[in-house]
Amino acid sequence: MLRTHTCGELRIADVNKTVTLCGWVQRTRDKGKLIWVDLRDRYGITQLMLEEGVNKDTDIETARHLGREFVVSVTGTVRERESKNPNLPTGEVEIDVQQLDVVNAAQTPPFTIEDESDGGDELRMKYRYLDLRRNPVKNNLIQRHRVGLEVRKYLDSQGFLEVETPFLVKSTPEGARDFVVPSRMNSGEFYALPQSPQTLKQLLMVSGFDRYFQIVKCFRDEDLRADRQPEFTQIDCEMSFVTQEDVLQTFEAMTNHLFKTVKGIELGKWQRMTFADAMRHYGSDKPDARFGMTFVELTDMVKDKGFSVFDNAEIVIGITAKGCGEYTRKQLDELTDFVKRPQIGMSGLIYARYNEEGIKSSVDKFFTPEDLSRWAETLDAQKGDLMLILCGETVKTRKALGELRLEMGKRLGLRNPNTYSPLWVVDFPLLEWDEETQRYYAMHHPFTSPKPEDVALLESNPKAVRANAYDMVINGVEIGGGSIRIHDKSLQQKMFAVLGFSPEEALQQFGFLMNAFEYGAPPHGGIALGFDRLNAMFGGQDSIRDFIAFPKNNAGRDTMLDAPSTIAATQLDELCLSLKNK
C-alpha cells in the first residue's frame, strides 16, 4: 500500500508514530516560517505542518507551491497539535512532515471543493468527478451503499434470493416510452431497455423461485423532474403464495428496519388509506400525512345563494389554515396567484378570515354572517384561522386544493423533512379511461389482478373495478408500488381484451407470459421501491440527483460525458439505420 493510514483515522493515541498519508490538498496556510496543509481523502482531513529550519528545504519549497486538489504523498511523525480543532475527528493531531512528494499536480478547480460550493448545478454536473469529492455528495453515496447493504441483509434473512434479469428485453406498448437498442445481427429489429423486470420476475415465480429480489437499473424515456431520471434504480421484489396483506407486512417491516438502522428512527405501525379517501381528503393518491388540513366539502351549503361561481361548480371544497386569520391582502393575493398558475389552473380563490372582528370573506355580499358562521363550523375554523375555498370540476378542484394544502403546509413549517408519516394507499381503480384514445389503460400495469369480488365487473362496468394494488407513500412521496398479479391465463386474456388488445396482439406482445401460465403459475405478488427516492428521503432532500453518482440533467443529458451524442455513419450503416435530414 502507498499509505499506512487514511486522512480520517489518526487520533491522539497515534502520537509519535511514523505514518504515510496520500490525498488531495484541501488548503494551505503559509505563515512565513510555518506552513500548514490540510490533506483530504474520502475518510477525512489531516493537518500537515512544516517549519523552516526544521523540515527539509525541498519539502518547504514543495509545500509553498501546492495548489488546491494537488495529489500528494507525505511521510511524517504524528504529534499533538498545540491549537486543536474540535470540529475534526483528527483535530487533536497533525503530521510533522519528513517527506512531501507531489504525485500529481492539478489545475485550479472550476468551483470550490467545499461543503458549500460556489459552483452552480450545471457546472458541478459537468465536473461531476470533482463534485463527488465534496462531503455532502460523498456522504450521500456512502448512505446509498449502506442502505443497499441493509436491504440485501434484510431480504436475505427473509428467504429472498437476488436474481439478475436481462437489460436487453422486448418492447411492450404499455407504460412510459421505451429506450430502444437496434440489433446488428437482426436487421430492422430492436431490443428495449427494461422499464422494470415485471414480466421476468413473474416468470421467476412460475419457475419456483418463490422469493425474488433485485436492486436493479430501470429505464424510462419520460420527461424529467426532481424525483425522476431516465435511468433509475429500484428494489424489485416478488413473492409466491401470498396475499396483499403478506406483501404489505413484509415491506412495511423492511422499511421500518431501514429507518431504524440508517436513521435511528422507529416508524411504528403504518396507516392504511383507500385511494378514494386519499383523493377525497387530500386531492392526491400520495398524500402528505405529516399534517392535517384535510378537505371539507361545502357544495350543498353554499349553492343557491346568488354567487354564480359556486352555483355553477360541480364541487366546492375548503381547508382551514390554523393561525392564519391575520393574513394580509398581499399574502392572500400571493395565494390567489399560486392557484392561478398554469400547473394548477384555477381561476381564483375564495377566502374567509376569522379574527376578532368576526368572519370576513372575499364574497361577503353574497353570504350572511350566519352563512359564514356555518362555513367556520363545518371547516372547524376558530378565531385566528383562515378558510381557503376552491370550486369547479371535481377532479381538477381536488387536485388544485391538494397543491394549495401542500403550499400552506410548507409556509407554516408543517412539512419537516425530519418527521416521517408513512402509509399504504390501497384499493386503486384497476383502469383509467382516456378520452383522447377512447380506451381504458391499466392504472398500474396490465398484469395487476382485480379484487376477486370485482372480477365480474370487468365486462359490465370496468371503471368500477378495484385493483389488488398498493402504493407505499412517505411524506407525500410515492416510494414504491405493487400489486397481486394475475396468474390465471383466462383472466389475463380478459384483462387484455378490456385494454383493447386483440387476441393476436396479446399473443404477439405477451405470448411468452401466457404460455408460462399453462405450466402451473402460483398466486404471486410483489412491489418495487424507488431506491433513489428512498435515499433522497433519508437525506432529507426532494431531488434524487445527488444520490446518484453520475446523473443526467433536466434535459436528460450527461454534460460530463456529453451524452447522448451522434455516432459514426459506419455504425449506422451496420445497424441498417439512417438519420433523416432535419
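The model shown is predicted, which means the values in this text are computed figures rather than measured ones.

### Here's the deal with the overall build of the chain
Part 1 of the reasoning: Of the regular secondary structure elements, the chain holds 17 helices and 22 strands.
Part 2 of the reasoning: Counting only C-alpha atoms, the chain reaches 95 × 75 × 55 Å along its principal axes.
Part 3 of the reasoning: The 582 residues of the chain split such that 48% are buried.
Part 4 of the reasoning: Pairs at least 24 residues apart make up 67% of the contacts formed inside the chain by residues separated by at least 6 positions.
Part 5 of the reasoning: Carbon and sulfur atoms make up 49% of the accessible area of the chain, which totals about 29100 Å².

### Quick look at the pattern of salt bridges
Charged atoms that come close allow side chains of opposite charge to pair.
Part 1 of the reasoning: This structure, assessed with the given rule, holds 44 salt bridges.
Part 2 of the reasoning: What emerges from the salt-bridge pattern is a single network uniting D121, R124, R128, D131, R134, R545 and D546.

### Overview of the pairing of strand β22 (residues 524–530)
Part 1 of the reasoning: Burial of β22 is extensive: seven of the seven residues sit out of reach of the surface.
Part 2 of the reasoning: What you see with β22 is no split at all: H524, G526, A528 and G530 on one side and G525, I527 and L529 on the other are buried throughout.
Part 3 of the reasoning: Summarising the sheet, strand β10 (residues 231–240) and β22 pair through seven bridges and their orientation is antiparallel. Residue pairing in the sheet places C237 in a bridge with I527 of β22.
Part 4 of the reasoning: Two strands pair when backbone bridges link them, and strand β21 (residues 477–484) and β22 are joined in this way by five bridges, in the antiparallel orientation. Residue G482 lies in a different strand from β22, and its bridge partner there is I527.

### Digging into the environment of L335
Part 1 of the reasoning: By the element assignment, L335 lies in helix α10 (residues 329–340).
Part 2 of the reasoning: Sequence separation between L335 and A464 is 129 residues; the distance between their C-alpha atoms is 36 Å.

Rules used in this analysis
- Residues numbered from 1 in each chain as written.
- Predicted model: local features only at pLDDT ≥ 70, side-chain atom pairs only at ≥ 80, totals over all residues.
- Heavy atoms only, no water.
- Helix = DSSP H or I, 4+ residues; strand = E, 2+ residues; numbered from the N terminus.
- Buried < 20%, exposed > 50% of the residue type's maximum accessible area, 1.4 Å probe, protein only.
- Contact = heavy atoms within 4.5 Å.
- Areas by Shrake-Rupley, 256 points an atom, 1.4 Å probe, with all protein chains shown as cover.
- Salt bridge = Lys/Arg side-chain N within 4 Å of Asp/Glu carboxyl O.
- Pairing = 2+ DSSP bridges.

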